[in-house]
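Commentary on secondary and tertiary structure
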Amino acid sequence: HGVMLENFQIKKRTGVLEKYGIDPKNNSYLFFVGRIDPKKGVDVLLRAFEKVVRNNKDLLLIIAGTGSEQYVQNIKKLSNDLGIEKLVIFTGFISEDEKLELFESSKLHVVTSHSDVHTTTAIEAMAMGTPVIITKASDFPEIDDYKAGITVDMDIDYICKAIEELLGN
């Protein structure tokens, strides 16, 4: 997982923030990017986010990526069932430059995976200067060692607490 920092320069502005009605000066958001799959724990992220927005009413969650149509619909339904559908933006597939722009302005990148080891998106987030919250199942102790974020148990309350801690710092 070597990182070439020149690969993390935005080559062409895409207007992705404007496309989704996000003004980084007025809208703070958490960012998840990856495959929309049960293994990725997006359901856990949504449940933690629902708790976080009780005290952070202006916070958004951007979920970028694709997956099986049925599972994506289940995740969107969960968002509705939790009452956070107006605060969660599902982008579907995004380009590399769009991803970098979204990392650039996000408050946090959250990885709630059940089993990804040294996930690439955490590396990308850190290369863009974005703090990471990642589950221990992802086995990435360097995030804590270098204070690039927080590693947590796969638990809604721990994820919520980590999000609130980093948002407050």
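Now for a look at the structure at hand. (Residues numbered from 1 in each chain as written. Predicted model: local features only at pLDDT ≥ 70, side-chain atom pairs only at ≥ 80, totals over all residues. Heavy atoms only, no water.)

1. Details of helix α3 (residues 69–81)
The periodicity of an α-helix, 3.6 residues per turn, causes residues three or four places apart in sequence to face the same way. The end-to-end C-alpha separation of α3 is 18 Å, in line with the 18 Å expected for 13 residues at 1.5 Å each. Those residues of α3 that sit buried are Tyr71, Val72, Ile75, Leu78 and Ser79. Considered in projection along α3, the buried side chains sweep an arc of 115° and stay on one side of the axis. Among the exposed residues of α3, those oriented more than 90 degrees off its buried face are Glu69, Gln70 and Asp81. Packing partners of the buried residues in α3 comprise α2 (42–52) and β3 (88–92). Within two residues after α3, Gly83 carries a phi angle of roughly 75°, on the positive side. (Helix = DSSP H or I, 4+ residues; strand = E, 2+ residues; numbered from the N terminus. Expected span 1.5 Å × (residues − 1). Buried < 20%, exposed > 50% of the residue type's maximum accessible area, 1.4 Å probe, protein only. Arc of directions from axis to C-beta. Contact = heavy atoms within 4.5 Å.)

2. Structural notes on unusual backbone geometry
The general pattern is negative phi for most residues beyond glycine and trans for most peptide bonds. The phi torsion at Asp139 lies on the positive side, around 45°, for a residue other than glycine. Relative to the helices and strands, Asp139 resides in the loop between β5 (132–135) and α6 (142–145). Classification of Asp139 by relative accessible area gives partly exposed; the value is 44%. Of note in this structure, Lys147 is not a glycine but carries a positive phi near 55°. Counting through the fold element by element, Lys147 comes out in the loop between α6 and β6 (149–152). Looking at Lys147, the relative accessible area reads 75%, which means it is exposed.

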